[in-house]
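Tertiary structure, described
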Amino acid sequence: NAGVTQTPKFRILKIGQSMTLQCTQDMNHNYMYWYRQDPGMGLKLIYYSVGAGITDKGEVPNGYNVSRSTTEDFPLRLELAAPSQTSVYFCASSYSTPGSGNTIYFGEGSWLTVV
Amino acid sequence: DQQVKQNSPSLSVQEGRISILNCDYTNSMFDYFLWYKKYPAEGPTFLISISSIKDKNEDGRFTVFLNKSAKHLSLHIVPSQPGDSAVYFCAACTGNEKLTFGTGTRLTIIP
(Lines give C-alpha, C1' and ligand atoms only; values in the text may rest on other atoms or scores of the structure.)
Protein backbone atom coordinates (compact mmCIF):
# COMPACT_ATOMS: atom_id res chain seq x y z
CA ASN A 1 0.00 0.00 0.00
CA ALA A 2 1.54 3.29 -1.14
CA GLY A 3 -0.85 5.55 0.84
CA VAL A 4 0.33 9.17 0.71
CA THR A 5 3.54 9.72 -1.27
CA GLN A 6 5.55 12.95 -1.14
CA THR A 7 8.49 14.00 -3.25
CA PRO A 8 11.21 15.13 -2.86
CA LYS A 9 12.21 13.92 0.60
CA PHE A 10 15.01 16.47 0.95
CA ARG A 11 15.68 19.72 -0.87
CA ILE A 12 17.92 22.74 -0.42
CA LEU A 13 16.71 25.94 -2.05
CA LYS A 14 18.36 29.31 -2.46
CA ILE A 15 16.48 32.42 -1.37
CA GLY A 16 14.17 33.55 -4.16
CA GLN A 17 14.00 30.20 -5.92
CA SER A 18 10.71 28.43 -6.52
CA MET A 19 9.80 24.76 -6.28
CA THR A 20 6.88 22.38 -6.09
CA LEU A 21 6.41 19.67 -3.48
CA GLN A 22 4.51 16.81 -5.04
CA CYS A 23 1.88 14.77 -3.20
CA THR A 24 -0.23 11.90 -4.43
CA GLN A 25 -2.55 9.48 -2.65
CA ASP A 26 -3.99 6.21 -3.89
CA MET A 27 -6.80 5.79 -1.36
CA ASN A 28 -9.44 7.72 -3.32
CA HIS A 29 -9.66 10.25 -0.48
CA ASN A 30 -11.61 13.43 -1.00
CA TYR A 31 -9.75 15.56 1.53
CA MET A 32 -6.10 16.49 1.20
CA TYR A 33 -3.92 18.73 3.36
CA TRP A 34 -0.52 20.34 3.55
CA TYR A 35 1.06 20.93 6.97
CA ARG A 36 4.39 22.30 8.03
CA GLN A 37 6.21 21.48 11.24
CA ASP A 38 8.85 23.79 12.64
CA PRO A 39 11.23 22.61 15.40
CA GLY A 40 9.48 22.32 18.75
CA MET A 41 6.16 23.28 17.22
CA GLY A 42 3.04 21.45 16.27
CA LEU A 43 1.79 20.96 12.77
CA LYS A 44 0.40 24.08 11.13
CA LEU A 45 -2.11 23.78 8.29
CA ILE A 46 -1.01 25.57 5.12
CA TYR A 47 -3.76 24.68 2.63
CA TYR A 48 -6.40 22.01 2.32
CA SER A 49 -8.80 20.69 -0.28
CA VAL A 50 -12.14 18.94 0.11
CA GLY A 51 -12.24 17.69 -3.47
CA ALA A 52 -10.91 18.18 -6.97
CA GLY A 53 -11.09 21.81 -8.02
CA ILE A 54 -11.62 23.08 -4.46
CA THR A 55 -8.87 24.52 -2.26
CA ASP A 56 -8.87 26.70 0.83
CA LYS A 57 -6.35 28.46 3.05
CA GLY A 58 -5.28 27.11 6.40
CA GLU A 59 -3.46 28.88 9.23
CA VAL A 60 -0.23 29.78 7.40
CA PRO A 61 -0.87 30.10 3.64
CA ASN A 62 1.38 33.08 2.84
CA GLY A 63 4.15 32.27 0.37
CA TYR A 64 2.46 29.11 -0.89
CA ASN A 65 0.03 28.07 -3.59
CA VAL A 66 -1.81 24.82 -4.27
CA SER A 67 -3.96 23.25 -6.94
CA ARG A 68 -6.19 20.16 -6.99
CA SER A 69 -6.88 19.18 -10.56
CA THR A 70 -7.34 15.48 -9.74
CA THR A 71 -8.50 13.53 -6.70
CA GLU A 72 -5.08 11.91 -6.36
CA ASP A 73 -2.71 14.88 -6.56
CA PHE A 74 -2.25 17.97 -4.40
CA PRO A 75 1.02 19.80 -5.21
CA LEU A 76 2.30 22.63 -3.02
CA ARG A 77 4.12 25.47 -4.79
CA LEU A 78 6.64 27.69 -3.03
CA GLU A 79 7.20 30.97 -4.83
CA LEU A 80 10.23 33.12 -3.97
CA ALA A 81 11.55 30.89 -1.20
CA ALA A 82 12.48 32.59 2.08
CA PRO A 83 14.49 31.29 5.08
CA SER A 84 11.24 31.32 7.11
CA GLN A 85 10.00 28.50 4.88
CA THR A 86 12.71 26.16 6.15
CA SER A 87 10.61 23.41 7.67
CA VAL A 88 9.36 19.85 7.37
CA TYR A 89 6.31 19.60 5.13
CA PHE A 90 3.70 16.89 5.46
CA CYS A 91 1.01 16.05 2.98
CA ALA A 92 -2.02 14.19 4.29
CA SER A 93 -5.37 12.86 3.17
CA SER A 94 -8.65 11.58 4.58
CA TYR A 95 -11.88 10.22 3.16
CA SER A 96 -13.94 12.89 4.86
CA THR A 97 -13.80 15.28 7.80
CA PRO A 98 -11.61 14.11 10.70
CA GLY A 99 -14.38 15.10 13.09
CA SER A 100 -16.52 12.34 11.65
CA GLY A 101 -14.05 9.70 12.73
CA ASN A 102 -12.16 9.64 9.43
CA THR A 103 -8.49 9.01 9.96
CA ILE A 104 -6.01 11.42 8.41
CA TYR A 105 -3.11 9.61 6.78
CA PHE A 106 0.21 11.42 6.52
CA GLY A 107 3.08 11.14 4.09
CA GLU A 108 6.62 10.67 5.36
CA GLY A 109 7.52 14.34 5.09
CA SER A 110 9.69 16.59 2.93
CA TRP A 111 12.64 18.36 4.55
CA LEU A 112 13.16 21.77 2.97
CA THR A 113 16.03 24.14 3.75
CA VAL A 114 16.18 27.65 2.30
CA VAL A 115 19.63 29.24 2.37
CA ASP B 1 -2.96 31.85 19.87
CA GLN B 2 -2.23 28.24 20.76
CA GLN B 3 -5.66 26.64 21.07
CA VAL B 4 -4.27 23.20 21.85
CA LYS B 5 -1.46 23.04 24.37
CA GLN B 6 0.85 20.30 25.46
CA ASN B 7 2.79 21.85 28.29
CA SER B 8 5.27 19.01 28.78
CA PRO B 9 7.78 18.93 25.93
CA SER B 10 9.21 15.65 27.17
CA LEU B 11 8.45 12.75 29.50
CA SER B 12 10.51 9.75 30.59
CA VAL B 13 8.86 6.62 31.95
CA GLN B 14 10.21 3.26 33.08
CA GLU B 15 9.25 0.31 30.92
CA GLY B 16 6.18 -1.44 32.28
CA ARG B 17 4.89 1.64 34.13
CA ILE B 18 2.07 3.93 33.07
CA SER B 19 2.72 6.89 30.76
CA ILE B 20 0.33 9.83 31.06
CA LEU B 21 0.42 12.53 28.42
CA ASN B 22 -1.63 15.67 28.93
CA CYS B 23 -3.30 18.14 26.61
CA ASP B 24 -5.31 21.30 27.29
CA TYR B 25 -7.48 23.25 24.88
CA THR B 26 -9.10 26.65 24.94
CA ASN B 27 -11.72 26.46 22.17
CA SER B 28 -14.99 25.20 23.66
CA MET B 29 -16.28 24.51 20.14
CA PHE B 30 -13.90 21.58 19.70
CA ASP B 31 -15.94 18.40 19.66
CA TYR B 32 -13.50 15.73 18.49
CA PHE B 33 -10.05 14.98 19.85
CA LEU B 34 -7.27 12.79 18.52
CA TRP B 35 -3.83 11.58 19.44
CA TYR B 36 -1.13 11.03 16.85
CA LYS B 37 2.20 9.31 17.30
CA LYS B 38 5.30 10.28 15.35
CA TYR B 39 8.61 8.48 14.96
CA PRO B 40 11.67 10.37 13.66
CA ALA B 41 11.77 10.83 9.87
CA GLU B 42 8.21 9.52 9.52
CA GLY B 43 4.81 11.14 9.22
CA PRO B 44 2.41 11.14 12.18
CA THR B 45 0.16 8.11 12.52
CA PHE B 46 -3.28 8.04 14.11
CA LEU B 47 -3.42 6.45 17.54
CA ILE B 48 -6.78 7.00 19.21
CA SER B 49 -9.64 9.49 19.26
CA ILE B 50 -12.58 10.57 21.37
CA SER B 51 -15.80 12.41 20.69
CA SER B 52 -16.99 15.11 23.06
CA ILE B 53 -20.05 13.03 23.91
CA LYS B 54 -17.77 10.54 25.68
CA ASP B 55 -15.36 10.89 28.56
CA LYS B 56 -13.27 7.79 27.92
CA ASN B 57 -12.16 5.69 24.98
CA GLU B 58 -9.98 2.63 25.23
CA ASP B 59 -8.01 0.69 22.64
CA GLY B 60 -5.73 -1.99 23.99
CA ARG B 61 -2.96 -0.38 26.03
CA PHE B 62 -4.13 3.12 25.11
CA THR B 63 -6.90 5.03 26.87
CA VAL B 64 -7.92 8.63 26.27
CA PHE B 65 -9.80 10.56 28.93
CA LEU B 66 -11.72 13.75 28.24
CA ASN B 67 -12.72 16.30 30.89
CA LYS B 68 -14.83 18.88 29.06
CA SER B 69 -15.38 21.13 32.04
CA ALA B 70 -11.62 21.46 32.51
CA LYS B 71 -10.94 21.47 28.75
CA HIS B 72 -8.39 18.77 29.33
CA LEU B 73 -7.63 15.40 27.84
CA SER B 74 -5.03 12.82 28.63
CA LEU B 75 -3.57 9.74 27.00
CA HIS B 76 -2.69 6.79 29.23
CA ILE B 77 -0.40 4.06 28.00
CA VAL B 78 -0.14 1.00 30.19
CA PRO B 79 2.10 -0.88 30.33
CA SER B 80 4.64 1.31 28.54
CA GLN B 81 6.91 -0.44 26.07
CA PRO B 82 10.18 0.67 24.40
CA GLY B 83 8.38 0.92 21.04
CA ASP B 84 6.17 3.62 22.54
CA SER B 85 9.10 6.03 22.51
CA ALA B 86 7.99 8.72 20.06
CA VAL B 87 6.54 12.21 19.89
CA TYR B 88 2.82 12.34 20.69
CA PHE B 89 0.62 15.07 19.29
CA CYS B 90 -2.78 15.97 20.61
CA ALA B 91 -5.20 17.40 18.02
CA ALA B 92 -8.73 18.78 18.08
CA CYS B 93 -11.38 19.88 15.63
CA THR B 94 -14.91 21.16 15.34
CA GLY B 95 -17.42 19.87 12.85
CA ASN B 96 -15.43 21.38 9.97
CA GLU B 97 -12.38 20.07 8.20
CA LYS B 98 -9.49 21.53 10.14
CA LEU B 99 -7.41 19.85 12.82
CA THR B 100 -5.52 22.00 15.31
CA PHE B 101 -2.42 20.32 16.67
CA GLY B 102 -0.56 20.76 19.92
CA THR B 103 3.21 21.17 20.02
CA GLY B 104 3.88 17.56 20.96
CA THR B 105 5.38 15.63 23.88
CA ARG B 106 8.45 13.48 23.39
CA LEU B 107 7.98 10.24 25.32
CA THR B 108 11.02 8.16 26.18
CA ILE B 109 10.53 4.70 27.64
CA ILE B 110 13.50 3.62 29.74
CA PRO B 111 14.23 -0.14 29.57
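Heads up: these notes are all about the structure in this document. Keep in mind that this is a model prediction, so the values were computed, not measured.

**Things to note about the environment of Ser80(B)**
Residues and elements named next belong to chain B.
- By the element assignment, Ser80 lies in the loop between strand 8 (72-77) and strand 9 (86-93).
- At a separation of 2.8 Å, a polar atom in the side chain of Ser80 contacts the main-chain carbonyl oxygen of Arg17.
- Within the structure, the side chain of Ser80 is placed 3.4 Å from the backbone oxygen of Ile77, a separation counted as a polar contact.

**Considering the state of the cysteines**
Residue and element names in this part refer to chain A.
- All chains considered together, the criterion is met by 2 disulfides over all chains.
- Across the disulfide from Cys23 sits Cys91; the S-S distance is 1.9 Å. Measuring the twist about the S-S bond at about -75°, one finds the Cys23-Cys91 disulfide to be left-handed. Of this pair, Cys23 sits in strand 3 (residues 19-25) while Cys91 is found in strand 9 (residues 87-94), placing the two residues 68 residues apart along the sequence.

**A short note on unusual backbone geometry**
- Cis rather than trans, the peptide bond between Thr7(A) and Pro8(A) has omega equal to -5°.
- In this model, Val78(B) is joined to Pro79(B) through a cis peptide bond whose omega is -10°.
- Of note, Pro79(B) is situated in the loop between strand 8 and strand 9.
- Positioned with a positive phi, Asn28(A) is a non-glycine residue whose angle comes to about 60°.
- Looking at the secondary structure, you find Asn28(A) in the loop between strand 3 and strand 4 (31-37).
- Phi at Lys71(B) is positive, roughly 50°, even though this residue is not glycine.
- The residue Lys71(B) is located in the loop between strand 7 (62-67) and strand 8 in this model.

**What to know about the interface of chain A and chain B**
- Between chain A and chain B, the residue contacts involve 25 residues of the former and 20 residues of the latter.
- When the buried surface of chain A facing chain B is broken down by residue, Leu43(A), Pro98(A) and Phe106(A) rank first, second and third, together holding 25% of it.
- Seen at the junction of chain A and chain B, the total is 0 salt bridges.
- Viewed at the interface, chain B and chain A are joined by 1 residue pair in polar contact (both at pLDDT 80 or more).
- Breaking the side of chain A that touches chain B down by element, the ones donating at least two residues are strand 4 and strand 5 (43-51) of chain A.
- Ranked by residue count, the leading element in the side of chain A that touches chain B is strand 5 of chain A, at 5 residues.

**Digging into the pairing of strand 7 of chain B**
Residue and element names in this part refer to chain B.
- Pairing of strand 6 (residues 56-59) with strand 7, which is carried by 4 bridges, proceeds in the antiparallel orientation. Bridge pairing in strand 7 links Lys56 to Phe65.
- The turn linking strand 6 back onto strand 7 is made up of 2 residues, and Gly60 within it adopts a positive phi angle of 65°.
- As defined by bridge partners, strand 7 adjoins strand 8 across 6 bridges and the pair is classed as antiparallel. Following the sheet pairing, Phe65 is matched in strand 8 by Ser74.
- A loop of 4 residues connects strand 7 with strand 8, the two strands running antiparallel in sequence, and Lys71 in this loop sits at a positive phi of about 50°.

**So, the environment of Lys38(B)**
- The residue Lys38(B) is located in strand 4 (residues 32-38) in this model.
- Residues Lys38(B) and Arg106(B), 68 residues apart in the sequence, show an inter-C-alpha distance of 9.2 Å.
- Beyond its immediate sequence surroundings of up to four residues, Lys38(B) is in contact with Gln37(A), Phe90(A), Gly43(B), Pro44(B), Ala86(B), Val87(B) and Phe89(B).
- Within the structure, the side chain of Lys38(B) is placed 3.1 Å from the backbone oxygen of Glu42(B), a separation counted as a polar contact.

What counts, and at which threshold
- Residues numbered from 1 in each chain as written.
- Chains lettered and ligands numbered in written order.
- Predicted model: local features only at pLDDT ≥ 70, side-chain atom pairs only at ≥ 80, totals over all residues.
- Heavy atoms only, no water.
- Helix = DSSP H or I, 4+ residues; strand = E, 2+ residues; numbered from the N terminus.
- Polar contact = N/O pair within 3.5 Å; in protein donor to acceptor, adjacent residues only side chain to side chain.
- Disulfide = S-S within 2.5 Å.
- Contact = heavy atoms within 4.5 Å.
- Buried area = accessible area lost by both parts, 1.4 Å probe.
- Salt bridge = Lys/Arg side-chain N within 4 Å of Asp/Glu carboxyl O.
- Pairing = 2+ DSSP bridges.

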